[in-house]
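An overview of the molecular structure
As a plain string of letters, each chain reads:
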Amino acid sequence: DDELARELAAIPNLPLDDVPEGVDEHGNVQRHVFGKIRYYAFAPKPHDDIGGALGFMDFEAAAKLSGARFVVLKKGLARLERAIGQFMLDLHTNEHGYAEINPPLLVRDHVMYGTGQLPKFEDDQFWAVKGESLAAGDDNLLEKLRSERLGLIPTAEVPLTNLVRESILDDKELPMRLTALTPCFRAEAGAAGRDTRGMIRQHQFTKVELVSITTPENGKDEHERMLACAEEVLRRLDLHYRVMTLCAGDMGFSAQKTYDIEVWMPGQGEGGAYREISSCSLCGDFQARRMDTRYRGPDGKPRFVHTLNGS
């Protein structure tokens, strides 16, 4: 039974029938576009060149503190990041009906398992252990560390979704819409150093997350609604973007269907490029089964909820 459970736990969610076929990002399909590319009378600079020239984006200081792929933001850029986060939270809570949550940043293994980070992506996470757990001479040190460790969240999706774990909700509580602004921590290095310049693919970054808990009947409509909420942020900032429907081979482990929002960045690559800025996923009952989260409808029978998340 244990061996079977381990094998099953590593199998990803099944794509919905309307998800495009494909093995990587080249199989993704454009859904729609907002705005248009702006052309300038000069060559736009990469964001890290601008930040470094201003003295507001310091990678060297961060390297002294923490190593590669960290950054210290100063003065105007530190304030700008804080302001953007507050703007997003205020929009989602005041106008889109999400409840703001301030969750823990350290979580247990079963919480990581619930949203799909474990067991397959164990090496992509940062793990924290108590100093007393590192006592020398312990013959079972690795087993002890795993039993006592806590994981730093790679996204607020992990604690937000798990708020309803091991519970039976009333259908009147649904849809439940949650949002949080948190630091996020990711140990993975990307594909052979790809996309690691500047503030792309950092080990630590700040992100606003959206999570919805809903009924199976409303999952697809909630997915479209969540996409619209994420898009509204970029529309109010007047940023040109496109929405892509991800193909099966480019979706995340827990997703049934995913929309990526890609913003046009004029300073990226040769002449600009689209870069993913948001990802909205419908997970069906995949996470609910791992968390044992159900709801009770009018007939009194418990059923698994459907979960969604968007960044």
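Residues numbered from 1 in each chain as written. Predicted model: local features only at pLDDT ≥ 70, side-chain atom pairs only at ≥ 80, totals over all residues. Heavy atoms only, no water.

1. Focus on a nonpolar patch on the surface
- Residues Leu4, Leu8 and Ile11 make up a contiguous nonpolar surface patch of roughly 300 Å² in combined accessible area.
- In this structure isoleucine 11 comes out as partly exposed when scored by relative accessible area, which is 46%. (Patch = residues over 30% accessible without salt bridge, like charges linked within 9 Å, V, L, I, M, F, W, Y side chains within 5 Å. Areas by Shrake-Rupley, 256 points an atom, 1.4 Å probe, with all protein chains shown as cover. Salt bridge = Lys/Arg side-chain N within 4 Å of Asp/Glu carboxyl O. Buried < 20%, exposed > 50% of the residue type's maximum accessible area, 1.4 Å probe, protein only.)

2. What about the environment of aspartate 250?
- As for its position among the elements, aspartate 250 is in the loop between β11 (241–245) and β12 (257–265).
- What makes aspartate 250 partly exposed here is its relative accessible area of 28%.
- Sequence separation between aspartate 250 and aspartate 24 is 226 residues, and the spatial gap between their C-alpha atoms is 4.9 Å.
- Beyond its immediate sequence surroundings of up to four residues, aspartate 250 is in contact with Asp24, Glu25 and Asn28.
- Within polar-contact distance, the side chain of aspartate 250 engages the side chain of asparagine 28 at 2.9 Å. (Helix = DSSP H or I, 4+ residues; strand = E, 2+ residues; numbered from the N terminus. Contact = heavy atoms within 4.5 Å. Polar contact = N/O pair within 3.5 Å; in protein donor to acceptor, adjacent residues only side chain to side chain.)

3. Regarding the packing of aromatic side chains
- This structure, assessed with the given rule, holds five aromatic pairs.
- A centroid spacing of 5.3 Å and a plane angle of 25° characterise the contact between phenylalanine 34 and tyrosine 241, whose relative ring orientation is stacked. Of the two residues, phenylalanine 34 sits in strand β1 (residues 29–34) while tyrosine 241 sits in strand β11, which places them 207 residues apart along the sequence.
- Ring geometry for tryptophan 264 and tyrosine 274: centres 5.0 Å apart, planes at 70°, overall edge-to-face. With tryptophan 264 in strand β12 and tyrosine 274 in strand β13 (residues 273–284), this residue pair connects regions lying 10 residues apart in the sequence.
- Residue classification places tryptophan 264 among the buried positions, given a relative accessible area of 17%.
- Among the aromatic residues, ring-to-ring pairing joins Phe121, Phe253 and Phe286 into one connected group.
- Here arginine 31 stacks its cationic end above the ring of tyrosine 259, 4.9 Å away from the centre of that ring.
- Its guanidinium or amino end placed over the ring of tryptophan 127, arginine 149 lies 3.5 Å from that ring's centre, counting from NZ or CZ. (Phe/Tyr/Trp six-rings, centres within 6.5 Å; stacked < 30°, edge-to-face > 60°. Lys NZ or Arg CZ within 6 Å of the ring centre and 35° of its normal.)

4. Considerations on the sheet that holds strand β15 (residues 302–304)
- Pairing within the open sheet is mixed, and its three strands lie in the order β8-β14-β15. On the outer flanks of this sheet lie β8 (167–170) and β15, each paired with one strand and no other. Along the sheet, successive strands turn relative to each other by an average axial angle of 40°, direction set aside.
- Bridge count for β8 against strand β14 (residues 293–296) is four bridges, and the pairing is parallel. Its bridge partner being in β14, leucine 169 is matched across the sheet by tyrosine 295. (Pairing = 2+ DSSP bridges. Axes fitted to C-alpha atoms, helices over the stretch in contact; angles between N-to-C directions.)

5. Considering the sheet that holds strand β10 (residues 204–214)
- With mixed pairing, the eight strands of this open sheet are ordered in space as β1-β11-β12-β13-β16-β10-β9-β4. Of all the strands in the sheet, just β1 and β4 (99–100) have a single pairing partner and so form its edges.
- Relative to β13, β12 is paired through nine bridges, and the arrangement is antiparallel. By the bridge assignment for β13, threonine 258 is matched with serine 281.
- In the packing of helix α4 (residues 75–94) onto the sheet, the strands contacted are β4, β9 (176–185) and β10, and the crossing angle to β9 comes to about 165°.

6. Quick word on helix α8 (residues 219–236)
- Its 18 residues give α8 an end-to-end C-alpha distance of 26 Å, which sits within 8% of 26 Å, the value for a rise of 1.5 Å per residue.
- Of all the positions in α8, only Gly219, Glu222, His223, Met226, Leu227, Cys229, Ala230, Glu231, Val233 and Leu234 are classed as buried.
- Two residues or fewer after α8 comes aspartate 238, characterised by a positive phi angle close to 55°. (Expected span 1.5 Å × (residues − 1).)

7. Some details on the pattern of salt bridges
- Applying the stated criterion across every chain yields a total of 18 salt bridges.
- Arginine 38 serves as the salt-bridge partner of aspartate 238, at 2.7 Å between the closest nitrogen and oxygen. Taken together, the residues span a long stretch of sequence, with aspartate 238 in the loop between α8 and β11 and arginine 38 in the loop between β1 and α2 (47–54) at a distance of 200 residues.
- Measuring nitrogen to oxygen at the nearest pair gives 3.1 Å for the salt bridge that ties arginine 165 to glutamate 166.
- Sharing partners across several salt bridges, the network here consists of Asp48, Asp49 and Arg197.

Any link to function would need more than the numbers given here.
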